[in-house]
Amino acid sequence: MSFLEVFEAHPWEAVRERVHSRSTADVEDALRRAAANTAGAPLRLDDLCALLSPAAAPFLERMARLAQAATRRRFGNVVQLFAPLYVSNECHNVCTYCGFSMLNKIPRRVLTDAEILAEADILKRLGFEHVLIVSGESERRVGTDYFERVCTLLRPRFANLTLEVQPLPAADYARLRRAGVSAVLVYQETYNRAGYARHHLKGRKADFVWRLETPDRLGAAGVPKIGLGALYGLEDWRVDSFFAGLHLRYLERAYWRSRYCLAFPRLRPHAGGLEPKVEMRERDLAQAMCAFRLFDNEVEISLSTRERPGFRDRAAAFGMTTMSAGARTNPGGYAEAERALARGERTLEQFHMSDERTTAEVVAALRAGGLEPVWKDWDAAYDAPAASM
Ligand code: SF4
């Protein structure tokens, strides 16, 4: 069995009706259950529906207070910091929303060992211990052999390596796990199958099921942390959020040894510029984040530099547990940034950032809000027993 069977038992239109028809009484009921839930037990999928529904919008302040209490109970006052390290913008897929899409005429680059180490040196100097290795999806030039080499280079330098690359077979994940990867993120983009086909026009990513079943392969390979999420703006965010919750609940039961994290990327402007089909306002994003925190006290919640500083600072207070800082979303971006800026040039990035603060400024803002930035929550010493599970 995989998540596909669970997914197919939940037609999109039926879920849409289920979420949009929740009443004020349903929301109050879910909030009562959340308030009483000091032991941190998971709420029901029906509660998630209620908290994601339009009827929950007037309850946002109360949701945020409960979410904040649940986050502090489970995670304390800490926020984990990480930096993305883009190793390649080669991509053989055509996605309508992305600057790296194959048909975009941009300079393509795959970092060499020396270039990767130069990026690593800068991130180390900034204090980072957790690196997210990111690439476009190009199996031929940037496949498992390449990622294994990247991990071998970076593992001795960083406490935590996370991967966000093309979906791979379970055996390849097991290999990368042995090379030091402790987490893999793979976002479904949208759980609306017809909408997915409209936005993924060519390449392996057009295979909806291959992507949908990737977290199953990660769980089977024993990857310690698995990241899920949708790209908000492609379809109805309330329905996509429900499916992300359904996926999370299935995985937590099927692969209980792994931890889980959720990300909340919203469609942002890029070269080629796709406008969001469904607008997700900041207020909606806050509702979705609070709904997930109350639905699942254990899940980590991450927010990238796509969001503006003021919103990220507030999100850190009510539920976000992981954030990037000082991010560059082009390969070699950290090493090139100052030189390119001096020349008035820039490499095309995957998406435009809203939070352009330096790492030091993000750290200062967290401390001003009474939170403690954490650079390291894993160590090479944990790898051996985890790999043999
Ligand atoms: S979203 Fe990923 S797969 Fe699609 S074009 Fe961008 S980098 Fe390639």
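Residues numbered from 1 in each chain as written. Predicted model: local features only at pLDDT ≥ 70, side-chain atom pairs only at ≥ 80, totals over all residues.

1. Points about the overall build of the chain
The test is simple: Helix and strand labels come from DSSP, where a helix needs a run of H or I of at least four residues and a strand needs a run of E of at least two; each type is numbered from the N terminus. For this measure, only C-alpha atoms enter the radius of gyration; the expected value for a globule follows 2.2 Å times N^0.38, where N is the number of residues. Exposure is read from a count of other C-beta atoms within 10 Å of each residue's own; the residue is exposed at 12 or fewer, buried at 20 or more and partly exposed in between. C-beta atoms are placed from the backbone. Contact definition: two residues whose C-beta atoms, as placed from backbone geometry, lie within 7 Å.
A count of helices and strands for the chain gives 17 helices and 11 strands. In terms of overall size, the chain behaves like a compact globule, its C-alpha atoms giving a radius of gyration of 20 Å where 389 residues would be expected to give roughly 21 Å. Taking the principal axes of its C-alpha atoms as reference, the chain extends roughly 60 × 45 × 45 Å. Across the 389 residues in the chain, those meeting the buried criterion constitute 48%. The contacts of the chain with a sequence gap of at least 6 include a subset with a gap of at least 24, amounting to 80%.

2. Some words on the nonpolar core
For clarity, the cut-off: Take the buried Ala, Val, Leu, Ile, Met, Phe, Trp, Tyr and Cys residues, join any whose C-beta atoms are within 7 Å, and the set you get is a nonpolar core.
If you look at the biggest cluster of nonpolar residues, it comprises 102 residues, and the most contacted ones within it are Leu51, Val131, Val184, Leu262 and Leu294. A total of 8 residues in this core trace back to one element, the largest contributor, which is helix H13 (residues 282–295). For Val184, the residues in contact, after removing those within four places along its chain, are Thr162, Leu163, Tyr173, Leu218, Val223, Ile226 and Gly227. The next biggest cluster of nonpolar side chains, apart from the first, holds 5 residues, and it includes Phe3, Phe7, Tyr196 and Phe208.

3. Examining the pairing of strand S9 (residues 300–303)
Worth spelling out the cut-off: When DSSP finds at least two bridges between two strands, those strands are taken to pair.
Alternating positions in S9 separate into two faces, Glu300 and Ser302 on one and Ile301 and Leu303 on the other, with burial throughout. In this structure, strand S8 (residues 259–263) lies alongside S9, joined through 3 bridges in parallel fashion. Residue pairing for S9: Leu262 is matched across the bridge by Ile301. Relative to strand S10 (residues 322–324), S9 runs parallel, the two sharing 2 bridges.

4. What about helix H8 (residues 170–178)?
As a reminder, the rule being used: This arc describes the spread of directions from the helix axis toward the C-beta atoms.
Of all the residues in H8, the buried ones are Tyr173, Leu176 and Arg177. Buried positions in H8, seen along its axis, are confined to an arc of 105 degrees and lie on one side of it. Exposed side chains of H8 directed beyond 90 degrees from the buried face belong to Ala171 and Arg178. One or two residues past the end of H8 sits Gly180, with phi positive at roughly 115 degrees.

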